[in-house]
Amino acid sequence: MTPPTTELPSVPPGDPAGLAPYDAVLLFSFGGPNGPDDVLPFLRNVTAGKNIPDERLAEVAEHYHHFGGRSPINEQNLALRAALQAELERRGLDVPVVWGNRNWTPYTTDALAEAYAAGARRVVAVVTSAYSSYSGCRQYRENLWTALSDLATRVGAPEGTHPMAVDKVRSYFNHPGFVQANVDAVVEAYQGVAADAAWPRLVFVTHSIPDTMEEASVVAGASYREQHLDVARTVAAAVAERLGREVEWDLAFCSRSGPPSQPWLEPDVNDHLGTLAAAGTTSVVLSPIGFVSDHMEVAFDLDTEALETAQELGMTAVRADSVGVREAFVRGLVDLLVERAAIARADAAGLPRPAEATAGDLPAFRSVCAPGCCRMRAGVDSGRPAACSTDPWS
Ligand SMILES: CC1=C(CCC(=O)O)c2cc3nc(cc4[nH]c(cc5[nH]c(cc1n2)c(C)c5CCC(=O)O)c(CCC(=O)O)c4C)C(CCC(=O)O)=C3C
Ligand SMILES: [Fe+2]
């Protein structure tokens with residue numbers, strides 16, 4: 001197992017050309033409502049064509065209304081965009097960073113149009129999802145394809161062509177920057193626990209997905225669940241080393257939806273806390289490794305619901321931060337942009353690709369997705385074209 005490095009290189013060696021051939025960066029996210037009137041149309045966008053029961057939608061709308069109808073995700077993305085822009089500038093990389101979302105304004109097409117108007121024709125995208133599955137990879141790539149087609153119509157590009165090319169950085173769950181930032185956040189959470197209190201168990205938490213989506217995700221190299229187990233193992237080992245004490249850990253899931261008859265990844269974090277309490281655990285640290293910022297799934301499902309469950313069970317629970325705009329994470333994302341540019345140049349020149357840094361046991365995931373990768377269901381083609389892959393249509 002490769003431990004994450006404590007010192008990340010500020011400028012990866014061997015790339016005098018910076019971000020060439022790219023002339024803009026797309027920060028590509030999920031989106032969320034900015035006020036009460038946005039909540040329902042946003043939820044309709046998210047769940048279009050999905051089998052989500054009405055009761056679940058009403059319940060999720062309540063989560064948003066509980067926070068004034070406003071998701072924290074938009075300001076978090078603005079902060080991440082500013083941090084990326086600053087780190088690029090620090091390295092002398094002078095490219096604009098535009099921000100676009102799949103499910104709410106600013107939409108992907110508008111972000112690409114903004115880059116296009118600034119003269120950009122080759123864009124490198126970074127998705128605010130670290131893991132590979134339909135929800136964290138292909139669904140973004142399908143949306144990107146549609147946005148490129150819409151942009152073509154807007155700018156009057158010839159039928160069947162796209163006016164710009166967009167590549168994306170690989171799934172970065174096992175990039176040293178993401179792993180290091182999670183290690184730092186968990187260490188800080190443990191350091192906040194009183195010296196005479198029980199030593200907490202470490203519970204990693206991520207978004208549940210349907211079992212069918214989990215099965216399909218394995219085409220990327222390791223399944224969504226296995227990707228999380230790899231990160232969890234690496235983070236727990238690094239935390240134990242930093243604190244000089246053994247750390248016992250588990251992986252639990254939150255935010256399931258869909259009809260009750262449909263199996264999703266388990267255990268649910270609330271059920272899991274119950275199991276731990278019954279076995280005598282009195283203290284936990286919750287680490288949301290599945291999320292890159294403290295958006296609604298964290299603010300509600302963990303900070304509201306899971307912390308309440310812990311309290312009812314008489315447990316002490318502390319939540320570690322998600323990576324947010326931590327320096328190790330931001331530097332890691334810029335390293336990934338630089339790495340993706342070096343890969344594009346090597347491919348164009350027919351030269352060997354540069355080394356790709358990882359932390360953990362899994363290899364670097366592909367920068368260009370394989371055909372049939374991260375579908376909604378194994379072997380079932382959605383019929384929707386997706387960008388950034390070797391699928392025949394891209
Ligand atoms: C793997 C994963 C991530 C992590 C990767 C990533 O970050 O992309 C993620 C992130 C997010 N999910 C979010 C919100 C929602 N997700 C939903 C529904 C669903 N998520 C799914 C999976 C994931 N989701 C799935 C399989 C569904 C079922 C329907 C479908 O297949 O699409 C629904 C519908 C209602 C419900 O069913 O809960 C909502 C409102 C927000 C925004 C939060 C905010 O506003 O701050 C974010 C960042
Ligand atoms: Fe979600």
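Cut-offs applied
Residues numbered from 1 in each chain as written. Chains lettered and ligands numbered in written order. Predicted model: local features only at pLDDT ≥ 70, side-chain atom pairs only at ≥ 80, totals over all residues. Helix = DSSP H or I, 4+ residues; strand = E, 2+ residues; numbered from the N terminus. Rg over C-alpha atoms; globule rule 2.2 N^0.38 Å. Buried ≥ 20, exposed ≤ 12 C-beta atoms within 10 Å, placed from the backbone. Near = placed C-beta within 6 Å. Nonpolar A, V, L, I, M, F, W, Y, C, P; charged D, E, K, R; others polar. Domains from an automatic or database assignment. Contact = placed C-beta atoms within 7 Å. Pairing = 2+ DSSP bridges. Right-handed = clockwise from strand over helix to strand, strands pointing away. UniProt positions renumbered as here; feature names shortened; annotations may be inferred. Expected span 1.5 Å × (residues − 1). pLDDT = per-residue confidence, 0-100. Core = buried A, V, L, I, M, F, W, Y, C linked by C-beta atoms within 7 Å.

## Structural notes on the overall build of the protein
Helix and strand counts for the protein stand at 11 helices and 8 strands. Relative to its length of 394 residues, the protein is compact, with a C-alpha radius of gyration of 21 Å against a globular reference of 21 Å. When the backbone C-alpha atoms are referred to their principal axes, the protein occupies close to 65 × 50 × 40 Å. Split into buried and exposed, the 394 residues of the protein put 48% on the buried side.

## Looking at the site of ligand 1
Near ligand 1, the surroundings consist of 24 residues, among which Gly32, Ser71, Ser257, His295 and Met296 are the closest. Among the elements of the structure, helix 1 (39–47), helix 2 (54–66), helix 5 (134–155) and helix 10 (296–312) are those that each provide at least two residues to the shell around ligand 1. It is helix 1 that contributes the most residues to the shell around ligand 1, 3 residues altogether. The residue inventory of the shell around ligand 1, partitioned by class, reads 8 nonpolar, 13 polar and 3 charged.

## Description of the domain arrangement of the protein
Taken domain by domain, the protein holds domain 1 (24–173 + 326–349) and domain 2 (177–319). The C-alpha-based centres of domain 1 and domain 2 are spaced at 25 Å. Each partner contributes residues to the interface: domain 1 has 29 residues there, and domain 2 has 25 residues. Looking at the side of domain 1 that touches domain 2, the elements that each hand over two or more residues are helix 2, helix 3 (73–90), helix 5 and helix 11 (327–349). Residues of the side of domain 1 that touches domain 2, tallied by class, amount to 14 nonpolar, 11 polar and 4 charged.

## Remarks on the pairing of strand 7 (residues 283–287)
For strand 7, a buried count of 4 out of 5 residues is recorded, marking the element as mostly surrounded by other parts of the structure. The sheet contact formed by strand 5 (residues 201–207) and strand 7 spans 4 bridges and is parallel. Paired with arginine 201 across the strands is valine 284, a residue of strand 7. Sheet analysis places strand 7 next to strand 8 (residues 316–319), joined by 4 bridges and oriented parallel. By the bridge assignment, leucine 286 is partnered in strand 8 with arginine 319. Considered for its hand, the β-α-β crossover made up of strand 7, helix 10 and strand 8 is right-handed.

## Some details on the UniProt feature "binding site: Fe(2+)" (unreviewed entry) in the protein
UniProt feature "binding site: Fe(2+)" (unreviewed entry): in the numbering of this structure it lies at His207 and Glu297. For the residues just named, distributed over 91 residues, the greatest C-alpha separation is only 8.2 Å, placing them together at one site. On the secondary structure map, histidine 207 appears in strand 5. On the basis of neighbour counts, which here come to 22 C-beta atoms within 10 Å, the residue histidine 207 falls in the buried class. Discounting residues that sit within four places of it in the chain, histidine 207 has contacts with Cys254, Ser255, Gly290 and Glu297. Positionally, glutamate 297 belongs in helix 10. Exposure remark for glutamate 297: the 23 C-beta atoms within 10 Å place this residue in the buried category.

## Quick notes on the UniProt feature "binding site: Fe-coproporphyrin III" (unreviewed entry) in the protein
Using the residue numbers shown here, the UniProt feature "binding site: Fe-coproporphyrin III" (unreviewed entry) corresponds to Ser71 and Tyr140. For serine 71, the residues in contact, after removing those within four places along its chain, are Gly32, Pro33, Tyr64, His295 and Met296. Among all residues touching tyrosine 140, those that are not within four sequence positions of it are Phe28, Arg102 and Val127.

## Comments concerning helix 8 (residues 224–243)
With 20 residues, helix 8 extends 28 Å from end C-alpha to end C-alpha; this agrees with the ideal 28 Å at 1.5 Å per step. Of the positions making up helix 8, those classed as buried are Tyr224, Arg225, Gln227, His228, Asp230, Val231, Ala232, Thr234, Val235, Ala236, Ala238 and Val239. Buried-residue contacts for helix 8 involve helix 6 (176–191), strand 5, helix 7 (211–217) and strand 6 (249–254). Directly after helix 8, the chain includes glycine 244, whose backbone phi takes a positive value near 65 degrees.

## Here's the deal with unusual backbone geometry
Residue proline 106 follows threonine 105 across a cis peptide bond; omega there is -10 degrees. Checked against the element boundaries, proline 106 lands in the loop between strand 2 (97–101) and helix 4 (108–117). Following glutamate 266, the chain continues into proline 267 via a peptide bond in cis, with omega recorded as 5 degrees. Topologically, proline 267 is positioned in the loop between strand 6 and helix 9 (269–278). Even without being a glycine, serine 255 presents a positive backbone phi close to 60 degrees. With respect to the secondary-structure elements, serine 255 resides in the loop between strand 6 and helix 9. In this structure serine 255 comes out as buried when scored by C-beta crowding, with 23 C-beta atoms within 10 Å. Of note, cysteine 374 is a non-glycine position whose phi angle comes to about 40 degrees, a positive value. Secondary-structure assignment places cysteine 374 in the segment after helix 11.

## Regarding the confidence of the model for the protein
In this model, the protein carries a mean pLDDT of 93, and residues with pLDDT of at least 70 account for 95%. Scored below 50 in pLDDT, residues 1–14 makes 30 contacts in the model with residues more than four places away or belonging to other chains. The ipTM, which scores confidence in the relative placement of chains, is 0.94 for this predicted complex, and the corresponding pTM is 0.95.

## What about the nonpolar core?
Proteins that are soluble and globular tend to have nonpolar side chains buried together. In this structure, Val25, Leu26, Leu84, Val126, Val235 and Leu337 are the most contacted members of the largest nonpolar core, which totals 106 residues. In terms of residue count, the dominant contributor to this core is helix 11 (11 residues). In terms of domain composition, this core takes at least three residues from each of domain 1 (24–173 + 326–349) and domain 2 (177–319). When near neighbours in sequence (up to four residues on either side) are disregarded, leucine 84 contacts Val25, Leu27, Val97, Val330, Leu333 and Val334. If you look at the next biggest cluster of nonpolar residues, it comprises 9 residues, including Phe30, Phe42, Trp104 and Met296.

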